[in-house]
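Structural overview
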Amino acid sequence: MPTVTYPGRSLVSYPVINIFYVLFRSGTILARLPFWALSFSLFQGTRPHPSWSFRQSLMLRIATEYVSIISRIEIAVPFPLEPGKEKDRWAKLEPFSKELYSGPLESETVKPAAIGGTWYPKKPTDPAHSGTIVLHIHGGAFVVGSGRTAENGYMADLFTKHGKIGHSFFPQYRLSSRPTSAPFPAALQDALTSYLYLVRTLEIPASNIVVSGDSAGGNLAIALLRYLAEYGPGLGLAQPQCGVIIAPWTTPIKHLWPEIAITSNPNYGTDYLGTDLCRWGAKTYMRGVAADHPYVVHLGNAFSTPVPLLVTFGGGEILAVDGAQWVQEMARVKGNTVESYVEPAAPHDTVLFGQLLGWEDSSAKVAATMGEFIRRHA
């Protein structure tokens, strides 16, 4: 199978040009905003989904445009390792022995590196005896996000309030966007570093750890669970308690195909992902990687795992189509325990943007379902 060739940055991502592009796109949004508002308020049939409210319809339209803009300009995302506003909730993690990063995590050009992470609602005083700990890997198409409060505070609060989860740790892994420009397997190396931090540094029993992730973070959570299943026994790494995979991106390679592969998706009109964000993420994360790599492309690469899995989707999101097929593939593997939950008519990843898009009830329900699943497998 051929490897993915990086086509380079888009023209509008360069300085000065990107400013004019943002101004132009912002102007078109402002010009269309009154028409969207009038249409969605007077004619319910023009809303993306008949069950959606005016607020949900309008905010999804605005979010779709915003996501497209930051993706087209390939916005640079800083990677600070200082505590910042997180203060004592922040932890800096150093990579472990290179022998632990085996097989798909080995690379001549991409080596394990120092990262950080944020505890929610605070770092436990006695981590080894604090009950269930959720290791959550944030989404963002491998190119945006940090796991910090500004981006993931709402999600972490949902886990605490509605999921009844005591403590969660969100690593800030290396992104494939500028300035880190770290392709596969950097983010997966960092996911493993985070797991090792919990089980080795803090001595938290693996049986108390839940591996979780949303969107691209869901892709990484799946890859981490695969790595622990295939390489963990030989490396002395125990399996976690269970896994919760939220709106996973199971087929990044598809977003490098002709655009019609995405625009023909039956959920294209009821999601804010569009085509630009995932294309940006796929082309930077997968450069030099085989187009069917089992640690990146999960659909068609089912594996055996002793870890019970819950996979959730929004019924109106683009990624649900391939994701549902992957769930079926995993469920057919002998010995696997896989459950799924679909939030009706919801767009992508409401636990991340529910408060902005008007999907607060949906995000609370997903978090509650996650908490119930974790308690059943404690």
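We now turn to the structure provided with this report. Starting afresh in each chain, residues are numbered from 1 along the sequence in its written order. In keeping with the predicted nature of the model, local features appear solely for residues at pLDDT of at least 70, side-chain atom pairs appear and are counted solely at 80 or more, and the whole-chain, interface and lining totals rest on all residues. For the side-chain quantities, the full set of heavy atoms in the structure was used; hydrogens and water were omitted.

**Brief notes about a nonpolar patch on the surface**
The patches described consist of residues with a relative accessible area above 30% and no salt bridge, like charges being joined within 9 Å and nonpolar side chains (Val, Leu, Ile, Met, Phe, Trp, Tyr) within 5 Å. All accessible areas in this document rest on Shrake-Rupley with a 1.4 Å probe, and a residue is counted as covered only by the protein chains that are shown. Salt bridges are defined by distance alone: a side-chain nitrogen of Lys or Arg within 4 Å of a carboxyl oxygen of Asp or Glu. Taken together, the side chains of Leu11, Tyr14 and Ile17 make up a nonpolar region of the molecular surface, amounting to roughly 290 Å² of accessible area. Think of it this way: any DSSP run of H or I at least four residues long counts as a helix, any run of E at least two long counts as a strand, and we number them from the N terminus. Position of Tyr14 among the secondary structure elements: in the segment before α1 (17-42).

**Here's the deal with the packing of aromatic side chains**
Working definition: a ring pair exists when centres of Phe, Tyr or Trp rings (six-membered ring for Trp) sit within 6.5 Å. Plane angles under 30 degrees give stacked, over 60 give edge-to-face, the rest tilted. Taken as a whole and judged by the stated rule, the model has 11 aromatic pairs. Consider the rings of Trp119 and Phe169, whose centres lie 5.0 Å apart with planes at 50°: the pair is tilted. Highlighted residues: Trp119 in strand β2 (residues 115-120) and Phe169 in strand β4 (residues 167-172), separated in sequence by 50 residues. Here the two residues Trp119 and Phe169 agree in accessibility, since each one is buried. Three labels apply to residues, based on accessible area from a 1.4 Å probe with only protein chains included: buried if under 20% of the type maximum, exposed if over 50%, partly exposed otherwise in between.

**With respect to the nonpolar core**
Leu188, Tyr195, Leu198, Leu224 and Trp326 are the most contacted members of the largest nonpolar core, which has 82 residues in total. Working definition of a nonpolar core: buried Ala, Val, Leu, Ile, Met, Phe, Trp, Tyr and Cys residues. They are joined through side-chain atoms within 4.5 Å. One finds Tyr120, Ile246, Ala247 and Leu310 within the second-largest nonpolar core, a separate group that totals 22 residues.

**A few points about the pattern of salt bridges**
Under the defined criterion, the tally for this structure stands at 10 salt bridges. Linking Arg25 and Glu65 is a salt bridge whose minimum nitrogen-to-oxygen distance equals 3.0 Å. A residue pair is termed long-range when its members are at least 10 positions apart, and Arg25 in helix α1 and Glu65 in helix α2 (residues 54-72) qualify at 40 residues. The residues Arg25 and Glu65 share a single accessibility class, namely buried.

**Structural notes on the side chain of Thr270**
Assignment of secondary structure puts Thr270 in the loop between α7 (260-263) and α8 (276-285). Overall, Thr270 belongs to the buried group, its relative accessible area being 11%. Other than its neighbours up to four places away in sequence, Thr270 contacts Pro48, His49, Trp52, Leu60, Gly316 and Pro347. Should any heavy atoms of two residues lie within 4.5 Å, those residues are considered in contact.

**Observations concerning the sheet that holds strand β5 (residues 209-214)**
Any two strands with at least two DSSP bridges between them are considered paired. Taken together, the 8 strands give an open sheet; going across it, the order is β1-β2-β4-β3-β5-β6-β7-β8, and neighbouring strands pair in mixed fashion. Of all the strands in the sheet, the pair left with one neighbour each is β1 (90-93) and β8 (338-343). Sheet twist, expressed as the mean angle between neighbouring strand axes with direction ignored, is 20°. Sheet topology places strand β3 (residues 133-137) next to β5; 5 bridges connect them, and they run parallel. The partner of Leu135 across the bridge, within β5, is Val211. Simply put, an axis is a line fit to the C-alpha atoms, just over the touching stretch for a helix, and the angle between two N-to-C directions goes from 0 to 180 degrees. Taken strand by strand, helix α9 (residues 320-332) contacts β7 (309-314) and β8, and its axis lies near 160° from that of β7.

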